[in-house]
Amino acid sequence: MGFLDVLFGRSKPVRPDLDQLFGLPSAAITLQAALGFTPTGAGSVCFATIEGGAFAQVRQEVRDLLLADAERGDAAVEFSADEYGYSWLVSRRRPDDLPALVGDLHAVNTALQDSGFGPQLLCSLVAFTDTGRRPLALVYLYKRGTFYPFAPLPGNKRDNPLELQVKALLKDDLRIEQDLTRWFPLWGAPAL
């Protein structure tokens with residue numbers, strides 16, 4: 001960082017550390033032990049929609065890579081678009097196979113990044129639920145290299161007390177985003 005950056009209050013963006021995703025299985029154990037939340041087996045990667053042949057080819061390669069896993073069985077891999085124009089790749093695994101789901105999300109992020117589409121990556125999420133069927137997601141912000149909890153309620157509301165409880169609970173398991181204004185709601189996110 002240069003002198004002018006310091007003078008004008010600019011900082012270097014955090015470089016994404018996709019290996020942070022591998023902290024999710026231990027965070028899941030903590031979540032289950034403390035709050036009763038377990039993985040649903042669903043996870044997704046969100047990225048800005050890109051048109052063109054190069055991206056279509058990468059997208060097909062990612063899909064083929066995930067479907068080539070012999071242990072996947074009939075677990076789904078699907079692409080969708082949301083009402084805001086963002087694209088989502090959703091991977092589904094058995095709920096007790098979180099490490100494989102995390103591997104899928106890591107592979108997708110890495111493939112997009114290595115193909116030059118890193119700037120289009122926005123976030124990845126893994127879905128959880130408790131015995132009362134309350135949804136919870138742990139969201140990885142690609143450009144920040146941090147996680148935050150998202151607990152949606154009916155009517156586009158959030159369970160803020162639960163989110164703050166999860167933040168405090170997982171502070172030793174994951175790199176938690178400290179700037180709460182970066183905890184974006186993901187209304188209608190596939191897999192959640």
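Along each chain, numbering runs from 1 in the same order as the chain's sequence is written. Residue-level local features of this predicted model are given only where pLDDT is at least 70; pairs of side-chain atoms are given and counted only at 80 or more, and the full residue set underlies all totals for whole chains, interfaces and linings. In computing side-chain properties, one takes all heavy atoms of the structure into account and sets aside hydrogens as well as water.

1. Overview of the sheet that holds strand S1 (residues 38–48)
Then comes step 1: Strands pair, by our definition, only if DSSP identifies at least two bridges between them. A run of DSSP states H or I qualifies as a helix once it reaches four residues; a run of E qualifies as a strand once it reaches two. Both are numbered from the N-terminal end. Read from one edge of the open sheet, 6 strands run S2-S3-S1-S4-S5-S6, paired in antiparallel fashion. Looking at which strands have only one partner, the edges of the open sheet turn out to be strand S2 (77–81) and strand S6 (146–150). Averaged over all neighbouring strand pairs, the angle between strand axes comes to 20 degrees, with direction disregarded.
Then comes step 2: By the bridge criterion, 5 bridges tie strand S5 (residues 135–141) to S6 in an arrangement that is antiparallel. Counterpart to Ala137 in the pairing with S6 is Phe150.
Then comes step 3: Between two residues, a contact is recorded if the distance between any of their heavy atoms is within 4.5 Å. Every angle, taken between N-to-C directions, lies between 0 and 180 degrees, and every axis is a line fitted to C-alpha atoms, over only the stretch in contact when it is a helix. Contacts from helix H4 (residues 98–117) reach S1, strand S3 (86–92) and strand S4 (121–129), with the element oriented near 10 degrees to S1.
Then comes step 4: Docked against the sheet, helix H5 (residues 160–169) engages S5 and S6, running at close to 145 degrees with respect to S6.

2. Describing unusual backbone geometry
Then comes step 1: Look at Arg133: it is not a glycine, yet its phi comes out positive at around 65 degrees.
Then comes step 2: The residue Arg133 is located in the loop between S4 and S5 in this model.
Then comes step 3: A positive phi angle, close to 85 degrees, is found at Ala191, a residue other than glycine.
Then comes step 4: Examined against the element boundaries, Ala191 turns out to sit in the segment after H5.
Then comes step 5: Assessed through its relative accessible area of 14%, Ala191 is described here as buried. Categorising residues by exposure relies on relative accessible area from a 1.4 Å probe, with only protein chains included: less than 20% of the type maximum marks a residue as buried, more than 50% marks it as exposed, and the intermediate range marks it as partly exposed.

3. Here's the deal with H4
Then comes step 1: Every buried residue of H4 is listed here: Leu98, Ala100, Leu101, Val102, Asp104, Leu105, His106, Ala107, Val108, Asn109, Leu112 and Phe117.
Then comes step 2: On its buried side, H4 packs onto helix H2 (24–35), S1, helix H3 (53–67), S3 and S4.

4. What about the pattern of salt bridges?
Then comes step 1: The salt bridge definition used is simple: a Lys or Arg side-chain nitrogen within 4 Å of an Asp or Glu carboxyl oxygen. Applying the stated criterion to the full structure yields 10 salt bridges.
Then comes step 2: Of the charged contacts, one joins Arg93 and Asp104 as a salt bridge, the two residues approaching to 2.9 Å between their closest N and O atoms. Here the residue Arg93 occupies a position in the loop between S3 and H4, and Asp104 occupies one in helix H4, the gap between them amounting to 11 residues.
Then comes step 3: Note on Arg93: relative accessible area 8%, which makes it buried.
Then comes step 4: A salt bridge links Arg182 to Asp179; the shortest N-O distance between them is 3.8 Å.
Then comes step 5: Given a relative accessible area of 32%, Arg182 falls into the partly exposed group.

5. Some points on the nonpolar core
Then comes step 1: Among buried residues, the Ala, Val, Leu, Ile, Met, Phe, Trp, Tyr and Cys ones that are joined through side-chain atoms within 4.5 Å form a nonpolar core. One finds Leu138 and Leu186 to be the most contacted residues of the largest nonpolar core, which totals 50 residues.
Then comes step 2: With 8 residues, H4 is the largest single contributor of residues to this core.
Then comes step 3: Not counting the four nearest positions on each side in its chain, Leu138 is found in contact with Leu24, Ala27, Leu31, Ser124, Leu125, Val126, Phe128, Tyr148, Pro149, Val166, Leu170 and Leu174.

6. Section: the environment of Lys143
Then comes step 1: For Lys143, the position within the fold is in the loop between S5 and S6.
Then comes step 2: Along the backbone, Lys143 and Gly118 are 25 residues apart, and their C-alpha atoms lie at a distance of 9.0 Å.
Then comes step 3: A polar side-chain atom of Lys143 sits 2.8 Å from the main-chain carbonyl oxygen of Pro119. Between N or O atoms, a polar contact is any pair within 3.5 Å; within protein, one atom must be a potential hydrogen donor and the other a potential acceptor, and residues adjacent in sequence are included only when both atoms are from side chains.

7. A short note on the pairing of S2
Then comes step 1: The pairing of S2 with S3 spans 5 bridges and is classified as antiparallel. Bridge pairing in S3 places Glu78 opposite Val90.

8. Concerning the state of the cysteines
Then comes step 1: Note on disulfides: each one is a pair of cysteine sulfur atoms within 2.5 Å. Scanning the entire structure with this criterion turns up 0 disulfides.
Then comes step 2: No disulfide involves Cys123; its sulfur sits 4.7 Å from the nearest other cysteine sulfur, which is in Cys46.
Then comes step 3: Under the relative-accessibility criterion, Cys123 is labelled buried at 6%.

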